[in-house]
Amino acid sequence: MTAGKDAPASHELGHVAQRLASFAAGCLGTSSPAKTGSRLGVMGNVSEAELREILHHIEVLSKQRAAGQAGQSSGYPESTSETDRPGSSFQQALKEACGVDAEHLH
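Residues numbered from 1 in each chain as written. Predicted model: local features only at pLDDT ≥ 70, side-chain atom pairs only at ≥ 80, totals over all residues. Heavy atoms only, no water.

**A few points about the packing of helix H1 (residues 13-28) against helix H2 (residues 33-40)**
Running from amino to carboxyl end, H1 crosses H2 at an angle of 70°, the nearest separation of the two axes being 9 Å. With respect to H2, the axis of H1 lies roughly perpendicular. Relative to H2, H1 is oriented so that their crossing is left-handed. Contacts from Ala24, Ala25 and Leu28 in H1 reach Thr36, Arg39 and Leu40 in H2. Among the residues making up the contact of H1 with H2, the classes are represented as four nonpolar, one polar and one charged. (Axes fitted to C-alpha atoms, helices over the stretch in contact; angles between N-to-C directions. Helix = DSSP H or I, 4+ residues; strand = E, 2+ residues; numbered from the N terminus. Parallel < 35°, antiparallel > 145°, perpendicular 65-115°, else oblique. Left-handed = near helix turned anticlockwise from the far one by under 90°. Contact = heavy atoms within 4.5 Å. Nonpolar A, V, L, I, M, F, W, Y, C, P; charged D, E, K, R; others polar.)

**Some points on the state of the cysteines**
Applying the stated criterion across every chain, the model contains zero disulfides. Distance from the sulfur of Cys27, which forms no disulfide, to the nearest cysteine sulfur (Cys98) is 8.8 Å. On the basis of relative accessible area, Cys27 is assigned to the buried category, the value being 14%. (Disulfide = S-S within 2.5 Å. Buried < 20%, exposed > 50% of the residue type's maximum accessible area, 1.4 Å probe, protein only.)

**Section: the confidence of the model for the protein chain**
Here the protein chain shows a mean pLDDT of 76. Residues at 70 or above account for 72%. This stretch, residues 79-83, has a pLDDT under 50; its non-local contacts, to residues over four places away or in other chains, come to six contacts. (pLDDT = per-residue confidence, 0-100.)

**Looking at the packing of aromatic side chains**
The full count for this structure, using the stated rule, is one aromatic pair. With 5.6 Å between their ring centres and 55° between their planes, Phe23 and Phe90 make a pair best called tilted. On the criterion of sequence distance, the pair formed by Phe23 in helix H1 and Phe90 in helix H4 (residues 88-98) is long-range, its members being 67 residues apart. Neither Phe23 nor Phe90 differs from the other in exposure class; each is buried. (Phe/Tyr/Trp six-rings, centres within 6.5 Å; stacked < 30°, edge-to-face > 60°.)

This is the structure:
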């Protein structure tokens, strides 16, 4: 993550990482950070490019989960693309949960 206008300072990144892990667990309905990481295929640190991909994957999986809970077909693709950007409602939820604007992740 590079510093932008609303990006956290480097001393805050650990706190943001914890909040992101909790946000992802909530989106995916997992009970622990380890289960969340396993579900996302993440073990340890990720690059900036991987973070963008992971955020998109969290968004897709959370929409699929919500549709499943509602008893509907999700209509969202299984795969992710590097060029896909988070939707505005997902970006807002991410910003509120983690204090990070997805637009400032480069």
